[in-house]
Amino acid sequence: MEDNKKKSSGSKVFLALLIAILLIVGIAIGVAYVGRDAREAQAAKTTTTKDTRNSINIGDTRTYDEENTDGALTSVEIAQKCKPSVIAVMVYQPNGNKYGEGSGVVMSVDKKAGYSYVVTCAHIVDTANTTLKVQLEDGTQYNANLIGYDNRTDIGVLQVKTTKLEAAEFGDSTVLKVGEPVYAIGNPGGTAFYGSVTSGIISAIDRPTSSNESGYTMECIQHDAAINPGNSGGALINSYGQVIGINSSKIASEEFEGMGFAVPINVAKNVVDDILKSGYVTGRAKLGIRYVPVSENSTYAQIAKQNKLPSGSIVIAAINEDSALTGTKAVAGDIITAVDGEDLEKAGDLLKAVEEGDPGDILTLSIAHVEEDYSITTFTVKATLLEDKGNAEESTTQSESTTRFYFNPFQ
C-alpha cells in the first residue's frame, strides 16, 4: 500500500513538472507561432517586386597585402565614402510608439522603378504587427516594405519608395585574410549615435556561430571592431571601402570583449537573391518542431539517464500544425532518441540530419514516450521533410543562461 502511494505521488509530481515545463515552453512557442503567421501575412502583403537585378552587386576585390596598399583608403576616406549608404531601420508598433531600431545597408537603387533596396538583419524586422521605416542622418524618414527575411542567416530585405538613397559598394568576402583591417558603421544605441564608425581586424573568417533565435549554426566573420545593440544590419567594410559583411551579433558577457560577428556578404547575396525572387530561401528542409535537449532540463536528464537514452536525445517542445509529425503518435513531451537508426549523440544531430535533407525526404525517428511512472515506451515514426520558408520553427528552445550570442529587437 505504501509503495502504491509513493508511486502515485511520484507520478503526480512528474506530471506536474512535465505540465509546468510544457506550459513554460508553450507560452513562448505560442507567441512565436502567432507572430509567425502574422509575419507571413505581412511579408506576402508587402512584397512588391521579385527582381534579383536589384540585389547585391559584388565588385572586384583585391586581396589585402600589407606590403602593397595601393588603392587602400584611410579611415577618414572610408567614413566619407561609406557612411551615406548605412542608414537606420526603425520599427514601430501600431500605436506609433517606437519598438526598436537597428541599421541597414543600401544595396541598390532602381531609378527607373523609383525604389531603393536595403539589406538588414532578420531579427530587426521579423516582429509581427509592426511597421518599418528607414531614416537618414538628417532625420528624413521613408516607409519601408518588408520583402522577406531569413532567420537562419539573419538576413532581411526592405524596399523603399525613393531613389534618394546611395548604394554601397560591395566586396568579395571570400578573399578576406585574418588580421586585415576592417571598419564597422552603424547606429549603436539607435539614432542618437547615428553613423558611428569603429575599426578593428578580422579575427576569423569562418567562425561557426549559433543563436537562440534560430538554433542554426553558420560560419561568420569574427572581428573586434566595436559593435553594440543598434549596429545589427550595419556594414563591415574592408580597407577599400567595400562592404564585405553585415554585422549581426556579438558575445555579450563580462567575460568576453571585442568579439563581434558578421554575415559574409557572399552568403548574404545568395540569400538576398532568393528572397527577391521567391520571398524566402528555397530548397531547404524542415521538420516543423521546436525542441529542448534533454540535458537542459533536470527531470528529463534524469529520465534519459535511468533509461540509458542517447546523450543527444531531445524533447519535443512543440509540434507545428504543418509539421511532418502532425497526425503521428508523437506528441509534445516525447523524446527523440535516434534518426534513421543512428543514436543522437549530440543535441545538434537531429538538426544536422534535417539540414542535410531535401524537402520530400523521409526520416525515421525513434521516439520514447514517458509514462506516469517514469518508464518509457518506444516507437518509430516516418516523417516527410517539408520546405522551410524561413520561419525558423526547426530550432532549439534555450534558456537565457545558456545563450552565447546577444540578439534582440533593438539590436
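Keep in mind it's a predicted model, so treat the numbers as computed, not measured. (Residues numbered from 1 in each chain as written. Predicted model: local features only at pLDDT ≥ 70, side-chain atom pairs only at ≥ 80, totals over all residues. Heavy atoms only, no water.)

Student: Sorry, what's going on with the overall build of the protein here?
Tutor: Helix and strand content of the protein: 6 helices and 21 strands. As displayed, the protein has an accessible area near 18,400 Å², and 49% of this comes from carbon and sulfur atoms. (Helix = DSSP H or I, 4+ residues; strand = E, 2+ residues; numbered from the N terminus. Areas by Shrake-Rupley, 256 points an atom, 1.4 Å probe, with all protein chains shown as cover.)

Student: Is there a simple way to think about the nonpolar core in this case?
Tutor: A general feature of soluble globular proteins is that nonpolar side chains tend to end up buried together. In this structure, M107, L158 and V243 are the most contacted members of the largest nonpolar core, which totals 54 residues. Counting residues per element, this core draws most heavily on strand β1 (residues 86-92), which supplies 7 residues. Contacts of L158, omitting those with residues within four sequence positions, involve V89, S116, Y117, V118, T120, V125, L132, V134, A144, N145, L146 and I147. (Core = buried A, V, L, I, M, F, W, Y, C linked by side-chain atoms within 4.5 Å. Buried < 20%, exposed > 50% of the residue type's maximum accessible area, 1.4 Å probe, protein only. Contact = heavy atoms within 4.5 Å.)

Student: How do you make sense of the pairing of strand β5 (residues 141-150) when you look at a structure like this?
Tutor: Across a regular strand the side chains alternate sides, sitting on one face of the sheet and then on the other. Most of β5 is tucked away: 7 of the 10 residues are buried. With 4 bridges joining them, strand β4 (residues 131-135) and β5 adopt antiparallel strand pairing. If you follow Q135 over to β5, its bridge partner there is Q141. In the sheet, β5 pairs with strand β6 (residues 155-160) via 6 bridges, with the strands oriented antiparallel. For D150, the partnering residue across the bridge sits in β6 and is I155. What sits between β5 and β6 in their antiparallel hairpin is a turn of 4 residues, with D154 showing a positive phi close to 65 degrees. (Pairing = 2+ DSSP bridges.)

Student: Would you explain the side chain of T337 in this entry?
Tutor: For T337, the location among the structural elements is in strand β16 (residues 335-339). Residue classification places T337 among the buried residues on the basis of a relative accessible area of 11%.

Student: Can you walk me through the state of the cysteines in this structure?
Tutor: Note: disulfide means a covalent bond formed between the sulfur atoms of two cysteine side chains. Enumeration according to the criterion identifies 0 disulfides in this entry. Free cysteine: C121, not disulfide-bonded; nearest cysteine sulfur from C220 at 9.6 Å. Overall, C121 belongs to the buried group, its relative accessible area being 0%. (Disulfide = S-S within 2.5 Å.)

Student: I'm lost on the confidence of the model for the protein in this one. Help?
Tutor: As a general rule, the predicted coordinates of low-pLDDT regions are not to be interpreted in detail. Here the protein averages 82 in pLDDT, and 79% of its residues register 70 or above. This model gives residues 1-49 a pLDDT under 50, and the stretch forms 58 contacts once residues within four places in sequence are excluded. Confidence drops under pLDDT 50 across residues 391-411; counting only partners more than four residues distant or on other chains, this segment forms 83 contacts. (pLDDT = per-residue confidence, 0-100.)

Student: Is there a simple way to think about the sheet that holds strand β2 (residues 98-110) in this case?
Tutor: Strand pairing in a sheet is mediated by backbone hydrogen bonds. Such pairs are either parallel or antiparallel. Around the barrel, which closes on itself, the 6 strands sit in the order β1-β2-β3-β6-β5-β4 with antiparallel pairing between neighbours. Strand-to-strand twist across the sheet, computed as the mean angle between neighbouring axes with direction ignored, equals 40 degrees. Of the strand pairs in this sheet, strand β3 (residues 115-120) and β6 are connected by 5 bridges, and their pairing is antiparallel. Pairing of T120 across the sheet is with G156, part of β6. Seen against the sheet, helix α4 (residues 265-278) touches β2, β3, β5 and β6 and runs at an angle of roughly 55 degrees to β6. (Axes fitted to C-alpha atoms, helices over the stretch in contact; angles between N-to-C directions.)

Student: When you look at helix α6 (residues 349-356) in this model, what are you seeing that I'm missing?
Tutor: The periodicity of an α-helix, 3.6 residues per turn, causes residues three or four positions apart to be oriented the same way. All buried positions along α6 are accounted for by L350, L351 and V354. Projected onto a plane normal to the axis of α6, the buried residues spread over an arc of 95 degrees and lie on a single side. Those residues of α6 that are buried lie in contact with β13 (285-286), β14 (289-293), β15 (314-319), β16 and β18 (362-370). (Arc of directions from axis to C-beta.)

Student: What's the story with the environment of L365 in this structure? I'm lost.
Tutor: By secondary structure assignment, the location of L365 is in strand β18. Discounting residues that sit within four places of it in the chain, L365 has contacts with L287, L325, I336, A338, V339, L350, F379, T380, V381 and A383.

Student: What is the right way to read the pairing of β16 from this model?
Tutor: For β16, the tally of buried residues reaches 5 of 5 residues, placing the bulk of the element in the interior. The pairing of β15 with β16 spans 2 bridges and is classified as antiparallel. Paired with I314 across the bridge in β16 is I336. Pairing of β16 with β18 involves 4 bridges; the strand directions are antiparallel. Each residue of the ladder has a partner; that of I335, found in β18, is A368. One ladder, built from 2 bridges, connects β16 with strand β17 (residues 342-343); its direction is antiparallel. Bridge pairing links V339 to E342 in β17. If you look at the hairpin formed by β16 and β17, you'll find 2 residues sitting between the two strands, and D340 has a positive phi there, around 50 degrees.

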